[in-house]
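Commentary on secondary and tertiary structure
These are the residues of each chain, in order.
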Amino acid sequence: MQDLRQQLLKWVPDHEATLILFHFLRKKNPSLKNFADLQLFSGEIANDTKAAALLVAQERAAGIPLQHLLGTQFFLNHDYQVDASTLIPRPETEILATHIIEHARRRFQSTRSFRFAELGLGSGILSIELLSAFPGASGVASELSFTAIALAEKNLNSIIGNSWSSRFLILPAADPLQGFEALVSRGPFDVVFSNPPYVAITDEIEEQVLKHEPVTALYPLNRDPNFFYENFTRHAASLLTPSGVAFFEIPHERAHEILKHFQVSGFAESRLIDDLTGRPRVIEARRQK
Ligand SMILES: C[S@@+](CC[C@H](N)C(=O)[O-])C[C@H]1O[C@@H](n2cnc3c(N)ncnc32)[C@H](O)[C@@H]1O
């Protein structure tokens, strides 16, 4: 294995070489459960596995995201299938997911039965983590891209199981210039959340992200980076139960502007939650104290 690692390191940095080795070796050696097991691996590696791993490293060096080459990304508690139809799950989105889950644990401890809504399902990471953590929860999510919906359905099948549709409904969004309107008729919900497209035209964005991830997952199509936050507050009375709580991922550059918008829109209690780098990453907002 050390020979193969040395060859991979000619193309990719150390942590990506580890991810590639783990991905290919685990396929044929299910006893490999975690990265630490890689250190102990002493089995033979077939030539076709070596060639496939090397090809991935070379394509990665040419700029293709590793997640697209391996077809998978780990998020919070599960492996998710990923492809070019939606955003690759980001580690910082785990901040949003864990806050929603902690909130639900505190609030619904006794019954664990509640209803939630998500705008912008993507690969499904947020709704699926919630469905998986709370077997009594049910929800609705909207999504603009039909290919993203197909991807989320694969993740629902593999993580939640074939009966997911008994407690989860996906609504295709008919119009990119509409937002929460698609969810209003199904409300009100106990929890509403979203990691919406929020990049502004003037924001710096990596060339590789622009090249490989869909523009509709990054930018609101009307080019107003606050569109989905403002669209939500306009519909909040129909979307949230009186004690309902909303959680959004936000761009740290505009965090205080968004917080102010929630405060003047009648959210009695709104707060920003920082990510591990100390920058505001999530807004939590409720209409009642
Ligand atoms: C930033 S991605 C987030 C995906 C996923 N929830 C995550 O956190 O990785 C935003 C998603 O919103 C979808 N989207 C964009 N405009 C939308 C709209 N008007 N209604 C519903 N979904 C929309 C995009 O297709 C994309 O999948």
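Reference entry: report on the structure contained in this document. All residue numbers refer to positions counted from 1 along the written sequence of the respective chain. Per-residue local features are limited, in this predicted model, to residues with pLDDT of at least 70; the limit for side-chain atom pairs, both in listing and counting, is 80 or more; totals at the level of whole chains, interfaces and linings are taken over all residues. Computation of side-chain values: all heavy atoms of the structure, hydrogens and water removed.

Turning next to the pairing of strand β7 (residues 240–249). On any regular strand, side chains alternate: one points to one face of the sheet, the next to the other face. Relative accessibility under 20% of the residue-type maximum defines a buried residue, over 50% an exposed one, and the middle range a partly exposed one, all with a 1.4 Å probe and only protein chains included. What counts as a helix is a DSSP run of H or I of at least four residues, what counts as a strand is a run of E of at least two, and both are numbered from the N terminus. In terms of burial, β7 is a largely internal element, 8 of the 10 residues being buried. Being paired, for any two strands, means DSSP has found at least two bridges between them. Sheet topology places strand β6 (residues 189–194) next to β7; 5 bridges connect them, and they run parallel. When the sheet's bridge partners are listed, F189 is paired in β7 with L240. Judged from the 5 bridges that link them, β7 and strand β9 (residues 280–286) form a sheet pairing that is antiparallel. Bridging across to β9, A246 finds its partner in A285.

Attention now moves to the site of the ligand. Surveying the vicinity of the ligand reveals 21 residues, the closest of which are T86, G120, E143, Q178 and N195. Between a nitrogen atom of the ligand and a main-chain N or O atom of L144, the distance comes to 3.4 Å. In this structure, P176 approaches the ligand through a main-chain N or O atom, which is 3.4 Å from a nitrogen atom. Areas reported as accessible are Shrake-Rupley estimates using a 1.4 Å probe. Residue values count occlusion only from the protein chains shown. Within the complex, the protein chains bury 98% of what would otherwise be the 600 Å² of accessible surface of the ligand. Of all the secondary-structure elements, those providing two or more residues to the shell around the ligand are α7 (125–133), β4 (138–143) and α11 (215–218). The class makeup of the residues in the shell around the ligand is 10 nonpolar, 8 polar and 3 charged. Residues are labelled near a given molecule or strand when at least one of their non-hydrogen atoms is within 4 Å of it. Polar contacts, as counted here, are pairs of nitrogen or oxygen atoms within 3.5 Å of one another; within protein the pair requires one atom able to donate a hydrogen and one able to accept it, and residues that are adjacent in sequence qualify only if both atoms are side-chain atoms. Charged means Asp, Glu, Lys or Arg here, nonpolar means Ala, Val, Leu, Ile, Met, Phe, Trp, Tyr, Cys or Pro, and polar covers whatever is left, Gly included.

Two rings from Phe, Tyr or Trp (for Trp, the six-membered ring) form a pair when their centres sit within 6.5 Å of each other. Planes less than 30 degrees apart are called stacked, planes more than 60 degrees apart edge-to-face, and all others tilted. Tallying each qualifying case throughout the model produces 16 aromatic pairs. Relative to F134, the ring of F114 has its centre 5.3 Å away and its plane inclined at 75°; by these criteria the two rings are edge-to-face. In this pair, F114 sits in the loop between α6 (93–107) and β3 (115–119) while F134 sits in the loop between α7 and β4, placing the two residues 20 residues apart along the sequence. Relative to F228, the ring of F227 has its centre 4.8 Å away and its plane inclined at 70°; by these criteria the two rings are edge-to-face. Judged by its relative accessible area of 9%, F227 is buried.

Quick look at unusual backbone geometry now. For residues besides glycine, phi is generally negative; the peptide bonds are generally trans as well. Following G187, the chain continues into P188 via a peptide bond in cis, with omega recorded as 0°. Take P188: it is sitting in the loop between α9 (181–184) and β6. At R223, a residue that is not glycine, the phi angle is positive and equals roughly 65°. Its location among the elements puts R223 in the loop between α11 and α12 (227–239).

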